[in-house]
Protein chains: 2
Amino acid sequence: MLGIFDSGIGGLTVVKKFLDWFKRDHLSYQLLYFGDTARTPYGNRGEEIIKQYALEDARLLIERGAKIIVIACNTASAVATEYLKNNLSVPVFEVVSPAAQKAVEITRNNRIGILGTRATINSNIYDRLIKEYSAKLHKKISVFKNNATLLVPLVEEGWLETVETKKIIRKYLLPLKMAQVDTIVLACTHYPFLLKEIEAKLNKRIKLVDPALEVVSVMKKYLKDNPSVEQGLSCSSKHQFLVSDLTDRIENLATRWLGEKIKLDKVDLK
Amino acid sequence: MLGIFDSGIGGLTVVKKFLDWFKRDHLSYQLLYFGDTARTPYGNRGEEIIKQYALEDARLLIERGAKIIVIACNTASAVATEYLKNNLSVPVFEVVSPAAQKAVEITRNNRIGILGTRATINSNIYDRLIKEYSAKLHKKISVFKNNATLLVPLVEEGWLETVETKKIIRKYLLPLKMAQVDTIVLACTHYPFLLKEIEAKLNKRIKLVDPALEVVSVMKKYLKDNPSVEQGLSCSSKHQFLVSDLTDRIENLATRWLGEKIKLDKVDLK
């Protein structure tokens, strides 16, 4: 069983990429999702609290049988990955390092932009990882970051194509455009919903990186190299989707974001 | 000791109104504040979770000596007041009913608008209370509501006077203006920060109700009528401000919102 958690239901966009892969490759892996909707969002919180929440989320999945953990949340990936690796005995995957690696690979002018939450940006994780990967490729890369906090509530309110959202996107992109980046990482599960609006504000030569796609690639390779882990993921049971708070709004968003109706079960974190 | 809690630090705007009153009337009441910054915001959450959080918040204050509880958060006031009254042995005050009462008193055309979070609006508490109070005054009042979810993150980002915020305010006010209300309740601690921008979009004859001011009036009257409770509030110690998550951003917002530098102490909810 493959466990995926997120600060809320934004992580279902990562789940969707996993399910697309399972379908394409006729895989019977079972997926267990947990969205911490009772404490969402994590993006503005302090490091200590994010680590605590992430560990509780991961443990909830492991107690229910997860053999691998995927942190779907960019904020938790940025802040809590090392902490989870040190405190858990199962393999931990996250969305930040695959995205950083991809950005390093595809940039041609060596100028990369990062759009993320306050906690992701402040963690400096992208700077650190990009420096590490680029050294291996003998590239010298400059990183430009902007905290795009308001995009999460705008997406959650369904204001995807409104004039107001377009104006706010332009404001957030401006410093990255001024810095002449040729690659931008959409470092939050919610941002890919605004892909069309973001692309409309950018020169066509600027490439966008979606961390969800990159973590699927990394997982594929890992399972190929580790058949014993791979064997523990299949199961005849259905995928399960757990949340810590459940409202009509959450159900509607979940259906819209995953593109199919799913059964969400509320669990108590304590 | 007077205990005040909020889903975050927005409640400091209510605290400010209390401190202004203490100063004006030379009162030595001690105030204990708790902001649940590790789980903020409550506005989009389900009723059950809001009730649970509100009870935990209030108990934290009572354990530390609060003799009266004030719910500064409109969402928690709307959803959890009855629940707290049934589960606590100290008097519980909240911001919704004083605001509803004030709106009923001042409306001349009997058309009241409410701007609040999703949970506050969906609770229907304002409709119920306004109906109750207006019956006493033999008024027949119509209530028009709009959920203004995005104003909270806009205020927290400090986007008070931006073009984008002004546009969003206009959008949220439009249905209330169309309904020709003459009174609007700003039913969230964050909205009074946008007072100037909100007033700029409205006819000057429309009156705005700030629940923070109204709960102070109610408390004054209550303490006058209940001298034994009143005597338990004074203390020579300083006011105390507790939060469940503490970051630089929270410290900066707190200072800005309260209008003075305060010491915030982080406490663990568990």
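See above for the structure.
Parameters at a glance
Residues numbered from 1 in each chain as written. Chains lettered and ligands numbered in written order. Predicted model: local features only at pLDDT ≥ 70, side-chain atom pairs only at ≥ 80, totals over all residues. Heavy atoms only, no water. Helix = DSSP H or I, 4+ residues; strand = E, 2+ residues; numbered from the N terminus. Buried < 20%, exposed > 50% of the residue type's maximum accessible area, 1.4 Å probe, protein only. Areas by Shrake-Rupley, 256 points an atom, 1.4 Å probe, with all protein chains shown as cover. Contact = heavy atoms within 4.5 Å. Buried area = accessible area lost by both parts, 1.4 Å probe. Salt bridge = Lys/Arg side-chain N within 4 Å of Asp/Glu carboxyl O. Polar contact = N/O pair within 3.5 Å; in protein donor to acceptor, adjacent residues only side chain to side chain. Pairing = 2+ DSSP bridges. Axes fitted to C-alpha atoms, helices over the stretch in contact; angles between N-to-C directions. Expected span 1.5 Å × (residues − 1).

**Here we look at the overall build of chain A**
Regarding its fold elements, chain A presents 12 helices and 10 strands. Viewed in the frame of its principal axes, chain A has a C-alpha envelope of about 50 × 45 × 40 Å. Burial status across chain A gives 58% buried among its 270 residues. Just so you have it, chain A exposes about 11700 Å², and 49% of that area is on carbon and sulfur atoms.

**A closer look at the interface of chain A and chain B**
In this complex, chain A contributes 33 residues to the contact, which on the side of chain B involves 33 residues. Note on chain A versus chain B: buried area summed over both sides is about 2800 Å², and carbon and sulfur give 56% of it. Seen at the junction of chain A and chain B, the total is six salt bridges. A salt bridge links B:Glu48 to A:Lys266, with the nearest nitrogen and oxygen atoms 3.4 Å apart. Linking chain A with chain B are 16 residue pairs in polar contact (both at pLDDT 80 or more), by the criterion used here.

**Remarks on the sheet that holds strand E6 (residues 142–147) of chain B**
Residues and elements named next belong to chain B. Pairing is parallel in the open sheet, where four strands are placed in the order E6-E5-E7-E8. The strands lining the two open edges of the sheet, one partner per strand, are E6 and strand E8 (207–209). This sheet shows a mean twist of 20 degrees between the axes of neighbouring strands, independent of strand direction. Alignment of strand E5 (residues 111–116) against strand E7 (residues 183–187), held across five bridges, turns out to be parallel. Bridge pairing in E7 links glycine 116 to alanine 187. Packed on one face of the sheet, helix H8 (residues 163–178) meets E5, E6 and E7 and runs near 165 degrees to E6.

**Some details on helix H2 (residues 47–63) of chain B**
All names here are of chain B. Relative to the 24 Å expected for 17 residues at 1.5 Å per residue, H2 spans 24 Å between its end C-alpha atoms, a close match to the ideal helical length. Along H2, the residues that are buried comprise Ile49, Ile50, Tyr53, Ala54, Leu55, Asp57, Ala58, Leu60 and Leu61. With its phi angle positive at about 110 degrees, glycine 65 sits one or two positions after the end of H2.

**Describing the pairing of E5(B)**
Residue and element names in this part refer to chain B. Across the six residues of E5, five count as buried, placing the element largely inside the fold. With six bridges joining them, E5 and E6 adopt parallel strand pairing. In the strand pairing of E6, glycine 113 is matched with phenylalanine 144.

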